[in-house]
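Residue strings, one per chain:
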Amino acid sequence: MKKVVMILEHDLIHPYVDSRPYKEAQSLIKNGYNVTFITWNLYRNNPYPDIEFFNHIKIIRKQILIRRSILILQYFFIFIITIKEIKNLNIDFIHCHDT
């Protein structure tokens, strides 16, 4: 089974389901792909689990805690953390949304 990682800069299902990437993921799943989302959370009090499964989609939430005063570094840390996570997943395809 081919593995696809989708990168999304906000949560896929909280506070609502983002329909565009969700529909893309469901289409890939119907065609035999294994789909994982890597999203990041920029808030200290994240009420959602780090890893969650939703309708055959694995969602990995990475916590990024950067003070607003050094916001410019935020995207650098996001990039490094996302690349490390992708290396651990042994994937075939990467699809970036809104990044």
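Data block above holds the structure.
Figured I'd write up the structure that's included with this text.

Conventions adopted
Residues numbered from 1 in each chain as written. Predicted model: local features only at pLDDT ≥ 70, side-chain atom pairs only at ≥ 80, totals over all residues. Heavy atoms only, no water. Helix = DSSP H or I, 4+ residues; strand = E, 2+ residues; numbered from the N terminus. Buried < 20%, exposed > 50% of the residue type's maximum accessible area, 1.4 Å probe, protein only. Contact = heavy atoms within 4.5 Å. Areas by Shrake-Rupley, 256 points an atom, 1.4 Å probe, with all protein chains shown as cover. Expected span 1.5 Å × (residues − 1). Arc of directions from axis to C-beta. Polar contact = N/O pair within 3.5 Å; in protein donor to acceptor, adjacent residues only side chain to side chain. Core = buried A, V, L, I, M, F, W, Y, C linked by side-chain atoms within 4.5 Å.

1. A short note on the overall build of the protein chain
- The helix and strand inventory of the protein chain stands at 2 helices and 5 strands.
- Taken from N to C terminus, the helices and strands of the protein chain fall in the order β-α-β-β-β-α-β.
- Within the protein chain, buried positions represent 34% of all 99 residues.
- Put simply, 63% of the contacts in the protein chain that link residues at least 6 apart link residues at least 24 apart.
- Element-wise, carbon and sulfur atoms account for 56% of the exposed surface of the protein chain, whose accessible area totals about 6500 Å².

2. So, helix α1 (residues 19-30)
- With 12 residues, α1 ought to run about 16 Å at 1.5 Å a step, and its terminal C-alpha atoms sit 16 Å apart, in line with that.
- Among all positions of α1, only Pro21, Tyr22, Ala25 and Gln26 are buried. Each buried residue of α1 sits inside an arc of 140° when the element is viewed along its axis, so together they form one side. For α1, the exposed residues set more than 90 degrees away from the buried face come down to Lys23 and Lys30.
- On the buried face of α1, the contacting elements are β1 (3-8), β2 (34-41), β3 (51-54) and β4 (57-63).
- Just beyond α1, the residue with positive phi is glycine 32, at close to 90°.

3. Considerations on the environment of arginine 61
- Tracing the sequence through the fold places arginine 61 in strand β4.
- A relative accessible area of 4% places arginine 61 in the buried class.
- Separated by 21 residues in sequence, arginine 61 and tryptophan 40 place their C-alpha atoms 5.2 Å apart.
- Excluding residues that lie within four positions of it along the chain, arginine 61 makes contacts with Asp11, Ile13, His14, Thr39, Asn46, Tyr48, Pro49, Asp50 and Glu52.
- Looking at arginine 61, its side chain comes within polar contact range of the main-chain oxygen of proline 49, at 2.7 Å.

4. Brief notes about the nonpolar core
- Of all hydrophobic cores here, the largest spans 11 residues; its members are Val4, Met6, Leu8, Leu12, Ile13, Tyr22, Ala25, Val35, Phe37, Ile57 and Ile59.
- Looking at this core, the elements with two or more residues in it are β1, α1, β2 and β4.
- The element best represented in this core is β1, accounting for 3 residues.
- Each residue touching isoleucine 13, except ones within four places of it in the same chain, is listed here: Glu52, Phe54, Ile59 and Arg61.
- Of all hydrophobic cores here, the second largest spans 9 residues; its members include Ile38, Trp40, Ile60 and Leu89.

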